[in-house]
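Structural characterization, general
Each chain is listed here by its residues.
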Amino acid sequence: MSEQEVPQIPKRLTDPRPVLAIGTLLWAIATAVVWASGDLWMDARPTCLMGMALGGVGYLMFTVQRRSARLGKKGAQQGLIDVDKGL
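Residues numbered from 1 in each chain as written. Predicted model: local features only at pLDDT ≥ 70, side-chain atom pairs only at ≥ 80, totals over all residues. Heavy atoms only, no water.

**So, the overall build of the protein**
Scanning the protein from terminus to terminus reveals 3 helices and 0 strands. Walking the protein from its N terminus toward its C terminus, one meets helices and strands in the order α-α-α. Partitioning the contacts of the protein with sequence separation of at least 6, the portion at a separation of at least 24 is 35%. Accessible area for the protein stands at about 7400 Å²; split by element, carbon and sulfur atoms hold 64% of it. (Helix = DSSP H or I, 4+ residues; strand = E, 2+ residues; numbered from the N terminus. Contact = heavy atoms within 4.5 Å. Areas by Shrake-Rupley, 256 points an atom, 1.4 Å probe, with all protein chains shown as cover.)

**A few points about the side chain of Thr-31**
For Thr-31, the position within the fold is in helix α2 (residues 17-36). Those residues in contact with Thr-31 that lie beyond four places of it in its chain are Cys-48, Leu-49 and Met-52.

**Notes on α2**
Along its 20 residues, α2 runs 28 Å from first to last C-alpha, staying within 8% of the 28 Å computed at 1.5 Å per residue. With its phi angle positive at about 75°, Gly-38 sits one or two positions after the end of α2. (Expected span 1.5 Å × (residues − 1).)

**With respect to the confidence of the model for the protein**
Averaged over every residue, the pLDDT of the protein is 84; residues scoring 70 or more account for 85%. Of all the helices and strands in the protein, helix α1 (residues 11-14) carries the lowest mean pLDDT, 80, while α2 carries the highest, 93. (pLDDT = per-residue confidence, 0-100.)

**With respect to helix α3 (residues 45-71)**
The end-to-end C-alpha separation of α3 is 39 Å, in line with the 39 Å expected for 27 residues at 1.5 Å each. When α3 is considered as a whole, its buried residues turn out to be Arg-45, Cys-48, Gly-51, Gly-55, Phe-62, Arg-66, Ser-68 and Ala-69. Against the buried residues of α3 lie α2. Just downstream of α3, Gly-72 is the residue with a positive phi angle, here 80°. (Buried < 20%, exposed > 50% of the residue type's maximum accessible area, 1.4 Å probe, protein only.)

**Side note on the packing of α2 against α3**
It is at 8 Å that the axes of α2 and α3 come closest, and there the two elements cross at 160°. Classified by the angle their axes make, α2 and α3 are roughly antiparallel. Between α2 and α3 lies a crossing whose hand is left-handed. Contacts between α2 and α3 involve Arg-17, Leu-20, Thr-24, Trp-27, Ala-28, Ala-30, Thr-31, Val-34 and Trp-35 on the former and, on the latter, Arg-45, Thr-47, Cys-48, Leu-49, Gly-51, Met-52, Gly-55, Gly-56, Gly-58, Tyr-59, Phe-62 and Arg-66. (Axes fitted to C-alpha atoms, helices over the stretch in contact; angles between N-to-C directions. Parallel < 35°, antiparallel > 145°, perpendicular 65-115°, else oblique. Left-handed = near helix turned anticlockwise from the far one by under 90°.)

**Topic: the packing of aromatic side chains**
This structure, assessed with the given rule, holds 0 aromatic pairs. In this arrangement the basic side chain of Arg-45 is found over the ring face of Trp-35, its NZ or CZ atom lying 4.7 Å from the centre. (Phe/Tyr/Trp six-rings, centres within 6.5 Å; stacked < 30°, edge-to-face > 60°. Lys NZ or Arg CZ within 6 Å of the ring centre and 35° of its normal.)

Below, the structure written as C-alpha cells:
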C-alpha cells in the first residue's frame, strides 16, 4: 500500500491579510452606522470600536511576526513568508 500525498492548501486561502482587512472594514462600517443612528444604538458603540481595535491589533501582530520571519529571528513564527515571492 503506497502512502497518499496530502495536497497543499493554496496560498490565497492561508493568507490572513484579506480576512483581517475585510473584518476591520466591516467593523468600521458598523461603527459608522451605529454612530449615525444617534442614541438608538449607543450601547453597541463600545463593541464596534473594540472590533475595529481588535482587527488593527491582529494586523499589527501579523505584520510584526512576518517582519521577524523575514529578518530570520528565532522567535518568529514559521510559514509567514513565501520563499518564492519574498512576501
